[in-house]
Amino acid sequence: MIKSWEKRIKLLHQKKYRQEEELFLVEGEKSVVELLQTDFQIVALFATEKFDRKNNHFYRKDFFYEIVKANDLEKTGTLQSNDSALAVVQMPKNQDFILENELVLALDNINDPGNLGTIIRIADWYGIHKILCSLQTVDWYNPKVITASKGSFLRIKPYYSDLAKIFSKTSCQIYGAF
């Protein structure tokens, strides 16, 4: 793996650098295959020969691509075991939250990235397409959130905002749970 990419990928483990660069990591076969079938902007893809043989029909030609060994993925990524692929992806542009006639999930102060990823996966299962997060909720693009969501992050739009302000402006019913 090219040293400059190796360093850049390791820096993307940190929230500060992800926010500065507006990039995040997607790791593992299932999530990367699903990513390749979306319109998310992939900047770079690092894949093993095995992954490449199985999935190269999904590749677009507009990103840096390199075949690497599994231990390179494990050394630079966040997964202990990764024998498939790692993608560096451009964060989608932030959009203003607009409440339409739909079910929206609001999350206040979720600290554990694995929990947020699981909630994203469950919301996707139930057809919820927007998640409103408090400003204290863990970073949506944290590698552990992305991994735990098992690709569901691709189908749900995140919005970070002051929940009290949003709720004070709406006349819809709000249900809470602990």
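Presented here is a report on the structure given in the accompanying data block.

Cut-offs applied
Residues numbered from 1 in each chain as written. Predicted model: local features only at pLDDT ≥ 70, side-chain atom pairs only at ≥ 80, totals over all residues. Heavy atoms only, no water. Pairing = 2+ DSSP bridges. Helix = DSSP H or I, 4+ residues; strand = E, 2+ residues; numbered from the N terminus. Axes fitted to C-alpha atoms, helices over the stretch in contact; angles between N-to-C directions. Contact = heavy atoms within 4.5 Å. Buried < 20%, exposed > 50% of the residue type's maximum accessible area, 1.4 Å probe, protein only. Arc of directions from axis to C-beta. 1 Å grid on protein atoms, 1.4 Å probe; cavity = no way out; pocket = protein on both sides within 12 Å on 5 of 7 lines; lining within 4 Å. Points joined across faces, edges and corners; volume = space filled by probe spheres on them. Phe/Tyr/Trp six-rings, centres within 6.5 Å; stacked < 30°, edge-to-face > 60°. Lys NZ or Arg CZ within 6 Å of the ring centre and 35° of its normal.

1. Considering the sheet that holds strand β3 (residues 64-67)
- As summarised here, the arrangement of the 4 strands in space is β1-β4-β2-β3, forming an open sheet in which the pairing is mixed. At either end of the open sheet lies a strand with only one pairing partner, and these are β1 (23-27) and β3. Pairwise comparison of adjacent strand axes, ignoring direction, gives a mean angle of 10 degrees for this sheet.
- As defined by bridge partners, β1 adjoins strand β4 (residues 85-90) across 5 bridges and the pair is classed as antiparallel. By the bridge assignment, Phe24 is partnered in β4 with Val89.
- Docked against the sheet, helix α1 (residues 3-11) engages β1, β2 (42-47), β3 and β4, running at close to 110 degrees with respect to β2.

2. Concerning α1
- Every buried residue belonging to α1 is among Trp5, Glu6 and Ile9, and all of these are buried. Axial view of α1: buried residues confined to an arc of 105 degrees, hence all on one face. Facing away from the buried side of α1 by over 90 degrees, the exposed positions are Lys3, Ser4 and Lys7.
- On its buried side, α1 packs onto β1, β2, β3, α5 (70-76) and β4.

3. Some thoughts on the pairing of β2
- Most of β2 is tucked away: 5 of the 6 residues are buried.
- Of the pairings in the sheet, the one linking β2 to β4 comprises 5 bridges and is antiparallel in character. Its bridge partner being in β4, Ala44 is matched across the sheet by Val88.
- Across 4 bridges, β2 lies against β3 in parallel orientation. What sits directly across from Leu45, in β3, is Tyr65.

4. Brief notes about empty space enclosed by the protein
- In total, this model carries 1 cavity of 30 Å³ or more according to the counting rule given.
- A volume near 30 Å³ is recorded for the largest cavity.
- Here the lining of the largest cavity gets 3 residues from one element, more than from any other, and that element is helix α4 (residues 49-55).

5. Things to note about the packing of aromatic side chains
- If you walk through the whole model with that rule in mind, you get 7 aromatic pairs.
- Note on Trp5 and Phe46: the rings are 5.6 Å apart at their centroids and 65 degrees apart in plane angle, and the pair reads as edge-to-face. One end of the pair, Trp5, is in helix α1; the other, Phe46, is in strand β2, with 41 residues separating them in the sequence. Just as Trp5 is buried, Phe46 falls in that class too.
- When the centroid spacing of 5.2 Å and the interplanar angle of 75 degrees are considered together, the rings of Phe97 and Tyr159 count as edge-to-face. Of this pair, Phe97 sits in the loop between β4 and β5 (105-107) while Tyr159 sits in strand β7 (residues 157-160), placing them 62 residues apart in sequence. In this pair, the class of Phe97 matches that of Tyr159, namely buried.
- A cation sits over an aromatic face here: Lys130 above Phe97, 5.8 Å from the ring centre.

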